[in-house]
Amino acid sequence: MKNIWKWLRKHYNVIVNSIAFYPAIIAAGFLLLSFLMYWFDYSPLGKQIKLDIAWISLKDASTARSIVSSIVGGIITLTVFSFSMVMIVLNQAASQMSNRILDIMIGNRFQQFVLGTYIGTFVYALFLLSTIRDVQSGIYVPAISIYLLVVFMVVDIFLFIYFLHFVTQTVKYETIIRQIHDKTFHALQKQDHSNEPLRPNEKLAPEIRVKANETGYFQGYNEKRLMQFAEENKVVIEFLYPKGSYLVKGADMLITRGKKLNEEDLEELFLAIDFFEGQSIDLNPYFGFQQLSEVALKALSPGINDGSTAVYSIHAMSDLFAFFMKQPNCAYHCDERKNVWIISKEFTFN
């Protein structure tokens, strides 16, 4: 179970920021709505509404199927065209700026909302199509649900119109650079910018160096689990490298002071520490600086030769450097609870 929780923690950012995460949730919501609307259509209240408002009632099953089938075809066209536009934008950004900025573009919430709405409408329509049937006792047509589907289709058309404008703005280099700048700035603000804290009692020696148990990027730790481990074992834990550092298996990673840890204790300790490939600006703001510098260098390459984009990147980095230099100290972060200490380095420029 502990290994499962660690796997979920390691893959949380990848799952949440993937292009399919929010569309899948929205599509599931539409599927649930289709079940509820089907139940409402044949409930006493739904039947009464169809009796009171004559134009809502659809008594011809073939007409209902034609409406739903036409909407299904239209939604497929909108979805394919929208996905194609997204892929073209991603390909252009990767070739002319940097492939490391794709995560930011894929993680755009409005883009995922639009695609999720298309897919959700498609799922809703397919479910309705399966409920329209002829039986010996009469024709069953969920009229209210079908008219709601027509409303969804109108909304999707307006979303598509705005999506065209949105994509044209997203492909602009200054928009992408601003997104990287804003994400990096927010990540810097989340850090503890206090001065270096007082060290714990050094009488907790001996000092033991713990080596990394795997190769990869050190992406931080589960604070709650690590604090519990430190409290139970009466140790002080000090990390030697900031988040985002690439460590080789067997290299010194952290120092413990206090109880001497056995193999079982070390296994428990590593369950709270995250190693995985790739880097995230949320975990390591330095990665934002690296992305901006890569965009500037790519823009100045002979193949691109776009001086304006390089200037935009330098301006964005200048603002981030100005904020970074005003902080008293970004090197250390310390948590002290019940006389238990964890000291971790934040990123620094070497």
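The structure we're discussing is the one just above.
Residues numbered from 1 in each chain as written. Predicted model: local features only at pLDDT ≥ 70, side-chain atom pairs only at ≥ 80, totals over all residues. Heavy atoms only, no water.

K.L.:
Is there a simple way to explain the overall build of the protein chain in this structure?
P.N.:
Secondary structure summary: the protein chain contains twelve helices and ten strands in total. Here the protein chain holds 350 residues, and 45% of them are scored as buried. For the protein chain, the computed accessible surface area is about 18700 Å², with 62% contributed by carbon and sulfur atoms. (Helix = DSSP H or I, 4+ residues; strand = E, 2+ residues; numbered from the N terminus. Buried < 20%, exposed > 50% of the residue type's maximum accessible area, 1.4 Å probe, protein only. Areas by Shrake-Rupley, 256 points an atom, 1.4 Å probe, with all protein chains shown as cover.)

K.L.:
Can you walk me through the packing of aromatic side chains in this structure?
P.N.:
Geometrically, a pair of aromatic rings is defined through the distance of the ring centres and the angle of the planes. If you walk through the whole model with that rule in mind, you get 15 aromatic pairs. For the ring pair phenylalanine 35 and phenylalanine 127, a centre distance of 4.7 Å and an interplane angle of 55° mean the geometry is tilted. On the criterion of sequence distance, the pair formed by phenylalanine 35 in helix 2 (residues 21–41) and phenylalanine 127 in helix 6 (residues 109–131) is long-range, its members being 92 residues apart. For phenylalanine 127, a relative accessible area of 16% gives the class buried. One aromatic cluster in this structure is built from Phe35, Tyr38, Tyr42 and Phe127. (Phe/Tyr/Trp six-rings, centres within 6.5 Å; stacked < 30°, edge-to-face > 60°.)

K.L.:
For this particular structure, what's the right way to read the pairing of strand 7 (residues 252–258)?
P.N.:
Along a regular strand, successive side chains alternate from one face of the sheet to the other. Of all seven residues that make up strand 7, six are buried, and the element is covered over most of its length. The pairing of strand 3 (residues 207–211) with strand 7 spans five bridges and is classified as antiparallel. Looking at the pairing, arginine 209 lines up with isoleucine 255 of strand 7. Two strands pair when backbone bridges link them, and strand 5 (residues 235–239) and strand 7 are joined in this way by five bridges, in the antiparallel orientation. When the bridges of strand 7 are listed, phenylalanine 239 appears paired with leucine 254. (Pairing = 2+ DSSP bridges.)

K.L.:
Looking at this structure, how should I read the nonpolar core?
P.N.:
A general trend in soluble globular proteins is that nonpolar side chains are found buried together. Residues Ile101 and Ile146 are the most contacted members of the largest nonpolar core, which totals 55 residues. If you list the elements that add at least two residues to this core, you get helix 2, helix 4 (61–96), helix 5 (102–106), helix 6, helix 7 (143–170), helix 8 (173–190), helix 11 (286–299) and helix 12 (307–326). When residues in this core are grouped by element, the largest group, twelve residues, is from helix 4. For isoleucine 101, the contacting residues outside a window of four places in its chain are Ala93, Ile176, Ile180, Gln291 and Val295. Judged by nonpolar contacts, the second largest core, of 20 residues, contains Val235, Phe239, Leu261 and Phe275. (Core = buried A, V, L, I, M, F, W, Y, C linked by side-chain atoms within 4.5 Å. Contact = heavy atoms within 4.5 Å.)

K.L.:
Even after reading the chapter, I still don't get a nonpolar patch on the surface, so can you show me in this structure?
P.N.:
On the surface, a cluster of nonpolar side chains totalling about 440 Å² of accessible area is made up of Val150, Val154, Ile157, Phe158 and Ile161. Here isoleucine 161 is to be found in helix 7. Looking at isoleucine 161, the relative accessible area reads 51%, which means it is exposed. (Patch = residues over 30% accessible without salt bridge, like charges linked within 9 Å, V, L, I, M, F, W, Y side chains within 5 Å. Salt bridge = Lys/Arg side-chain N within 4 Å of Asp/Glu carboxyl O.)

K.L.:
Just checking my understanding: could you explain the packing of helix 4 against helix 6 for this structure?
P.N.:
Close contact between helix 4 and helix 6 brings their axes to 9 Å; oriented N to C, the two are set at 155°. Comparing their axes, helix 6 and helix 4 come out roughly antiparallel. For the element pair helix 4 and helix 6, the recorded crossing hand is left-handed. From helix 4, Arg65, Val68, Ser69, Val72, Ile75, Ile76, Leu78, Thr79, Ser82, Phe83 and Val86 reach across to helix 6, where they touch Gln111, Leu115, Tyr118, Ile119, Thr121, Phe122, Ala125, Leu126 and Leu129. (Axes fitted to C-alpha atoms, helices over the stretch in contact; angles between N-to-C directions. Parallel < 35°, antiparallel > 145°, perpendicular 65-115°, else oblique. Left-handed = near helix turned anticlockwise from the far one by under 90°.)

K.L.:
Before we go on, may I ask you to explain the pattern of salt bridges in this structure?
P.N.:
Should their charged atoms come close, side chains of opposite charge can pair. According to the stated counting rule, one finds four salt bridges in the structure shown. Linking arginine 209 and aspartate 252 is a salt bridge whose minimum nitrogen-to-oxygen distance equals 3.9 Å. Remark: aspartate 252 occurs in strand 7 and arginine 209 occurs in strand 3; sequence separation between them is 43 residues. With a relative accessible area of 45%, arginine 209 lands in the partly exposed category.

K.L.:
Would you explain helix 12 in this entry?
P.N.:
Spacing of three or four residues puts side chains on the same side of an α-helix, whose turn is 3.6 residues. Here helix 12 contains 20 residues, and its C-alpha end-to-end distance of 29 Å stays within 8% of the 28 Å for a straight helix at 1.5 Å per residue. Of all the positions in helix 12, only Thr309, Ala310, Ser313, Ala316, Met317, Leu320, Phe323 and Phe324 are classed as buried. Angular distribution of buried residues about the axis of helix 12 spans 150°; they occupy a single face of the element. Opposite the buried face of helix 12, at more than 90 degrees from it, the exposed residues are His315, Met325 and Lys326. On its buried face, helix 12 is in contact with helix 8 and helix 11. (Expected span 1.5 Å × (residues − 1). Arc of directions from axis to C-beta.)

K.L.:
Which parts of the structure should I look at to understand the pairing of strand 4 (residues 216–221)?
P.N.:
In terms of burial, strand 4 is a largely internal element, five of the six residues being buried. Where strand 4 lies against strand 6 (residues 246–247), two bridges are found, and the strand directions are antiparallel. Following the sheet pairing, tyrosine 217 is matched in strand 6 by tyrosine 246. Relative to strand 8 (residues 273–276), strand 4 runs antiparallel, the two being bridged by three bridges. Residue pairing for strand 8: phenylalanine 218 is matched across the bridge by phenylalanine 275.

K.L.:
What am I meant to see in the sheet that holds strand 4 here?
P.N.:
In sheet architecture, strand pairing relies on hydrogen bonds along the backbone and comes in two forms, parallel and antiparallel. Strand order across the open sheet formed by three strands is 6-4-8, with antiparallel pairing between neighbours. Edge positions in the sheet fall to strand 6 and strand 8, since each of these pairs with one other strand and no more.

K.L.:
Would you mind showing me how to read the environment of isoleucine 176 here?
P.N.:
In this structure, isoleucine 176 sits in helix 8. Put simply, isoleucine 176 and leucine 292 are 116 residues apart on the chain and 9.9 Å apart in space, counted from C-alpha to C-alpha. Contact partners of isoleucine 176, with chain neighbours within four places excluded, come to Ala93, Met97, Ile101, Met105, Thr170 and Val171.

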